[in-house]
Amino acid sequence: MSKVVIIGFPGDPTLYVADIDAGTVMPISNLTGALASASQLRGSGGVVVKNVDFAVAIASAASVSAGLFDT
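The structure displayed is predicted, hence computed values, not measured ones.

**Here we look at the layout of surface pockets**
Roughly 1,300 Å³ of volume is contained in the largest pocket. As for the largest pocket, its lining consists of 32 residues, of which Ile6, Ile7, Gly8, Val48 and Val49 are closest to the centre. For the lining of the largest pocket, the elements supplying multiple residues, two or more each, are β1 (4-8) and α1 (33-43). The element contributing the most residues to the lining of the largest pocket is α1, with six residues. Residues of the lining of the largest pocket, tallied by class, amount to 21 nonpolar, seven polar and four charged.

Printed below as a string of structure tokens:
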């Protein structure tokens, strides 16, 4: 299974694709199909989670290195 995730952040309308194996994160410029529908749900406050079993948004990479999670 490839390790690629699509990420969105509150207040930022852009979705990003992160390829974990390649170590890259790129904005997605052309949303179509189911991804466009999911993005519309997101825009109205919906949350979409599929095939991810752990995710935490933090303020900085330093917080991860220190073993801290934002509350």
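**Looking at the confidence of the model for the protein**
Close reading of the predicted structure is inappropriate where its pLDDT is low. Confidence in the prediction for the protein averages 85 pLDDT; 86% of positions are at 70 or higher. By mean pLDDT, helix α2 (residues 61-65) is the weakest element of the protein at 68, and strand β3 (residues 24-27) is the strongest at 96.

**Details of the pairing of β3**
Pairing of strand β2 (residues 15-19) with β3 involves four bridges; the strand directions are antiparallel. From the neighbouring strand, Tyr16 faces β3, where its bridge partner is Pro27.

**Observations regarding the sheet that holds β3**
Strand order in this open sheet of three strands is β1-β2-β3, and the pairing throughout is antiparallel. Taken across any chain shown, the strands that pair with only one partner, and hence form the sheet edges, are β1 and β3. Recorded for the sheet is a direction-independent mean angle of 25 degrees between the axes of neighbouring strands.

**Focus: the pairing of β1**
Residues in a regular strand project their side chains so that they alternate between the two faces of the sheet. Pairing geometry for β1 and β2, over five bridges, is antiparallel. Within the sheet, the bridge partner assigned to Val5 lies in β2 and is Ala18. Between β1 and the antiparallel strand that follows it, β2, lie six residues; Gly11 among them carries a positive phi value of about 85 degrees.

Criteria and thresholds
Residues numbered from 1 in each chain as written. Predicted model: local features only at pLDDT ≥ 70, side-chain atom pairs only at ≥ 80, totals over all residues. Heavy atoms only, no water. 1 Å grid on protein atoms, 1.4 Å probe; cavity = no way out; pocket = protein on both sides within 12 Å on 5 of 7 lines; lining within 4 Å. Points joined across faces, edges and corners; volume = space filled by probe spheres on them. Helix = DSSP H or I, 4+ residues; strand = E, 2+ residues; numbered from the N terminus. Nonpolar A, V, L, I, M, F, W, Y, C, P; charged D, E, K, R; others polar. pLDDT = per-residue confidence, 0-100. Pairing = 2+ DSSP bridges. Axes fitted to C-alpha atoms, helices over the stretch in contact; angles between N-to-C directions.

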